[in-house]
Amino acid sequence: MQEKLRIAVLVSKAAFQFISSVSPSDYTVPSEVKAAGFDICADELGSIVEGHDVKKLRFHGGVSGIARKLCTSTNDGLPKDADALRRRQELFGINKFAESESRSFWVFVWEALHDMTLMILAVCAFVSLIVGIATEGWPKGAHDGLGIVASIMLVVFVTATSDYRQSLQFKDLDKEKKKISIQVTRNGFRQKMSIYDLLPGDIVHLAIGDQVPADGLFVSGFSVLIDESSLTGESEPVMVGSETPFLLSGTKVQDGSCKMLITTVGMRTQWGKLMATLSEGGDDETPLQVKLNGVATIIGKIGLFFAVITFAVLVQGLLVRKWKDGSHVDWNAEEAMEMLEYFAIAVTIVVVAVPEGLPLAVTLSLAFAMKKMMNDKALVRHLAACETMGSATTICSDKTGTLTTNHMTVVKSCICMSVHEVGNPSKFANLKSELHDSALKLLLQSIFNNTGGEVVMSKEGKREILGTPTEAAILEFGLSLGGEFQAEREAVKLVKLEPFNSTKKRMGAIVELPGEGGRMRAHSKGASEIVLASCEKVINAKGEIVALDDSSVKFLQATIDQFAGEALRTLCLAYKEVQGGFSPNDAIPESGYTCIGIVGIKDPVRPGVKESVAVCHAAGIAVRMVTGDNINTAKAIARECGILTSDGIAIEGPVFREKSQAELLELIPKIQVMARSSPLDKHTLVKHLRTTFDDVVAVTGDGTNDAPALHEADIGLAMGIAGTEVAKESADVIILDDNFSTIVTVAKWGRSVYINIQKFVQFQLTVNVVALVVNFSSACMTGSAPLTAVQLLWVNMIMDTLGALALATEPPNNELMKRAPVGRKGHFITNVMWRNILGQSFYQFLIIWKLQASGKLMFELEGPNSDLVLNTIIFNSFVFCQVFNEISSREMESINVFRGIMNNYVFVMVLGATVAFQIIIIELLGTFANTTHLTSHQWGASVLIGFIGMPIAAILKMVPV
């Protein structure tokens, strides 16, 4: 797919370069475009951006000219006029890609009919119909053949229905994955909008980690690097600015921030055109599906071996009988039908033996879990994550927004070497009155210019702060001190802005001050100890700039530690007069700053986090906190959450980096908190946990820089609210409410999926073993098989599709989080399962063998119909053994198998349908199913035989393994 995309992009670019040789002056505005009030058409816009055609862009007056021709404003965006928006949509299209049509139900029926064993059985049915009708006439001669046909169609329609419903469910989930909102300016107001509502002329605000939602042009911004690898396959990011303003849909913002003008949407974008030519593949098989497909193949081969032997033994019996009769040369239609029945039995043994229900059970369970997890605020992007999360042994969690509420406020400050509490308006007034005018001016200039956030007016006329929670807290602090965002921004010229970098732990800005000479000033903001280390001076209480001596450094360090010890996030603000001029291409200085002050930001721990961490510990899942915060802040929060214990270690990223391999081996298992971590530290920790210690690691992340760790982890968990699109694209599960408690819910569902599939495998292998051994041994001993082809097909239906529906959809319970995780090397089929399978199989085999040997005597059966009655009792008893074994399989170790049974309506419905249909098969469909009417005594005996399997299962569970 990636290579196809790359080639398509290169071909497209080559075509546009050829087209661009035509003089731009040849362009004429189509009449319908002119009539609608626009001076440029969609095709011309597409050719400019997609072809990176600077010549055409200049011809149309640059970005401002394009905006004018699209009747929009680069400041206020599109006007609100609904009719105008509708006309624009009709002319330029909507920002949606054409989706492939959903496959109809009949397509799934057609696919189900292509199963090889069913096709062989269909041939058997056809031959049976021909021979039967020719020898016995209609309708008697057609009964056997029609019975097989009816069974085949039942299997096909149930399988098709199940697959069709899953396809609809996955389509709904896929729609949820594609719901992306973005910041847009319309009618002069900044607002969040769905990318699907975007139109040419819209002004979109992009920041690090955002996905470019449509083709467009750069309007303004700083240090914009675009990752075009999803489109071109090229790993090197592309610099976008006023010289090369072209932005393509589907690419991602790797660094910087900007405003863009949307020019082309939907299927007219380069991404849209490529998607029209490429078909998107579905989800790959999950590891468990692959593993179970392997198990199914092995069991299928064993079944094929038994089927061949069974067929050979049955045919040998027929030939020996004919040899003794002296009729081995003469063959009649009845004997041909008998031979055909033997072949049908052999094929059906293969059908029963091949546990196609194993991968079906995985898909059903995953689909069920995905739907329910969506209700629990977790969107699964990759199927495998559901099952993998059930094996998780470690969760590496972010602090901000996951363990904490992400609602930040400045509650303490140390401005001009003076500490203040600033929790309410009166305290802000005290702080403002104590600050020297020059210091206050510098502080407000730093707050409102060195920021990635904005203060805007909402549609309702209310002031609204946009940006990360940290930026919002600082901006709110500035506003509370009497600052005005727009006034401060207009007072100076912003020359360069470097967004916050998680490696440098700081952000910076260069402003040109008013007045002659064009003096430049740098502002820096970030991790307190890092920014403080770059300072040489400090503003004192009198507003004077003085040298930062040892006593001042100690005071500020002590203040940082005090704030951090109170679980506050600390940031340092500093400035520097830039000498000798500055070019936007120059790097922002990293030393020689003057410290303005330090702020302490409160981000309370989420309710329920401590309890959720305790649940993880009880479940054998280690929780580690990885954060960019100060180590004292991190430790205070970790203790409050119950993560940092007396035997755990808290370490800083720079210290972690210096450790040798031998030291890391001893250190990593004890690390519970990593502070001041870089993305590389997080990635290294995860890699060591997975490879060296064989942990199954789940990692949370919300930023672009978290992508490597999310990729490295077994399960990447992106935050849905605070997370960037890059983080979400890298993740397996999106936590829609950013809550750690939801992560625990995901782990519970993961365990539920794993256990449900184990329950189903236990149930199915029991049926497999008994059906194979009974038919094989009976064929060898008596020369006939007690279970006919139609009966075996019904048993196959019970244990495959219906069994998967019943057992694979059990909801999770709290007991799941009281057992140790499976881990990476845990065996899927455990000793407990083998104990239950072999014990139950032995009981069922003994019962059926006893019925075959002594059934006539036990039920006092006589006359020509006695064999048919006995075989019906055997079939009925066998089916009820599976019904009650299905109930016993709800719990693999617990004796109480009825707990919560009524909460799973699917299980109850499947069980009820199985019993109802069994009654119909025995009492009404005898001619087709080779069964006959049973007395109430015989029915009671059949049910009792099946029921006895439950106390036997309970006794087996007491046997230690």
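It should be emphasised that the depicted structure is a prediction, and the values quoted were computed from it without experimental measurement. (Residues numbered from 1 in each chain as written. Predicted model: local features only at pLDDT ≥ 70, side-chain atom pairs only at ≥ 80, totals over all residues. Heavy atoms only, no water.)

**A closer look at the UniProt feature "transmembrane region" (unreviewed entry) in the chain**
Cut-off, in case you're wondering: UniProt positions are given in the numbering used here, feature names are shortened, and annotations may be inferred rather than shown by experiment. A run of H or I in DSSP becomes a helix once it reaches four residues, and a run of E becomes a strand once it reaches two; helices and strands are each numbered from the N terminus.
Taking the UniProt record as the reference, the feature "transmembrane region" (unreviewed entry) is found at residues 112-134, 146-164, 298-319, 339-369, 905-927 and 939-959. End C-alpha atoms of residues 939-959 are separated by 32 Å, and the span's content is 90% helix alongside 0% strand.

**Quick notes on the nonpolar core**
Worth spelling out the cut-off: The nonpolar core is taken to be a set of buried Ala, Val, Leu, Ile, Met, Phe, Trp, Tyr and Cys residues, with the residues joined through side-chain atoms within 4.5 Å. With a 1.4 Å probe rolled over the protein chains alone, any residue whose accessible area is under 20% of its type maximum counts as buried; one over 50% counts as exposed, and the rest are partly exposed. Contact definition: two residues touch when any of their heavy atoms are within 4.5 Å.
Grouped together as the largest cluster of nonpolar side chains are 72 residues, with contacts concentrated most on Trp794, Phe875 and Phe878. Ranked by residues supplied to this core, first place goes to helix α30 (residues 789-807) with 13 residues. If we skip the residues at most four places from it in the chain, phenylalanine 878 touches Val767, Val770, Ala771, Leu787, Val795, Gln844 and Ile848. The next biggest cluster of nonpolar side chains, apart from the first, holds 63 residues, and it includes Ala378, Leu403, Ile637 and Phe740.

**Here we look at the side chain of glutamine 445**
This is how it is decided: A 3.5 Å cut-off defines polar contacts: any pair of N or O atoms within that distance qualifies, except that in protein one atom must be a possible hydrogen donor and the other a possible acceptor, and neighbouring residues in sequence count only when both atoms are side-chain atoms.
Relative to the assigned elements, glutamine 445 resides in helix α17 (residues 437-449). Residue glutamine 445 is classed as buried on the basis of its relative accessible area of 6%. Engagement of the side chain of glutamine 445 in a polar contact is seen with the side chain of histidine 523, the distance being 2.9 Å. In this structure, glutamine 445 is in contact with Asn450, Glu488, Val492, Val511, Leu513, Arg521 and His523, ignoring residues within four places of it in sequence.

**Quick look at the packing of helix α31 (residues 831-858) against helix α32 (residues 866-888)**
Spelled out, the test is: Between N-to-C directions, angles span 0 to 180 degrees; the directions come from axes that are lines fitted to C-alpha atoms, helices contributing only their stretch in contact. Reported orientations rely on four angle classes, namely roughly parallel under 35 degrees, roughly antiparallel over 145, roughly perpendicular from 65 to 115, and oblique for the rest. By the definition used in this description, the sense in which the near helix is turned from the far one sets the handedness, with an anticlockwise turn below a right angle giving left-handed and a clockwise turn giving right-handed. Note on residue categories: nonpolar means Ala, Val, Leu, Ile, Met, Phe, Trp, Tyr, Cys or Pro, charged means Asp, Glu, Lys or Arg, and polar means any other residue, Gly included.
Where α31 meets α32, the closest approach of the two axes is 10 Å, and the angle between their N-to-C directions is 165°. Taken together, the axis directions place α31 and α32 in an arrangement best described as roughly antiparallel. As for how α31 packs across α32, the hand of that crossing is right-handed. Residue-level inspection shows Gln840, Tyr843, Gln844, Ile848, Leu851, Gln852, Gly855 and Lys856 of α31 in contact with α32, the latter providing Ser866, Asp867, Leu870, Ile874, Ser877, Phe878, Cys881, Gln882 and Asn885. Considered class by class, the residues forming the contact of α31 with α32 number 7 nonpolar, 8 polar and 2 charged.

**Focus on the pattern of salt bridges**
So the rule is basically this: A pairing counts as a salt bridge when a side-chain nitrogen of Lys or Arg comes within 4 Å of a carboxyl oxygen of Asp or Glu.
In total, this model carries 26 salt bridges according to the counting rule given. Note that glutamate 454 and arginine 190 form a salt bridge whose closest N and O atoms lie 2.2 Å from each other. Residue glutamate 454 is found in strand β12 (residues 454-457), and its partner arginine 190 is found in strand β2 (residues 189-194); the two are separated by 264 residues along the sequence. Arginine 519 serves as the salt-bridge partner of glutamate 577, at 3.8 Å between the closest nitrogen and oxygen. Here arginine 519 lies in the loop between β15 (506-512) and β16 (520-527) and glutamate 577 lies in strand β19 (residues 568-578), a separation of 58 residues in the sequence.

**Notes on the packing of α30 against α32**
At a minimum axis separation of 11 Å, α30 and α32 run at an interaxial angle of 10°. It follows from the interaxial angle that α30 and α32 lie roughly parallel. Between α30 and α32, the contacting residues are Gln791, Trp794, Val795, Ile798, Leu802, Gly803, Ala806 and Leu807 on the first element and Phe875, Phe878, Val879, Gln882 and Glu886 on the second. For the contact of α30 with α32, the class distribution of residues is 9 nonpolar, 3 polar and 1 charged.

**Here we look at the sheet that holds strand β23 (residues 671-675)**
Convention followed: Between any two strands, pairing holds if DSSP finds at least two bridges.
Reading across the sheet, the 8 strands line up as β8-β26-β25-β24-β9-β21-β23-β22 and stay open at both edges, with mixed pairing between neighbours. The two strands at the open ends of the sheet, each matched to only one other strand, are β8 (378-380) and β22 (649-652). With direction set aside, neighbouring strand axes in the sheet form an average angle of 20°. Here strand β9 (residues 394-397) runs beside strand β21 (residues 622-626); their pairing, made up of 4 bridges, is parallel. Following the sheet pairing, cysteine 396 is matched in β21 by arginine 624. In this fold helix α26 (residues 679-691) packs onto β9, β21, β23 and β24 (697-701), with an angle of close to 165° to the strand it touches most, β24.

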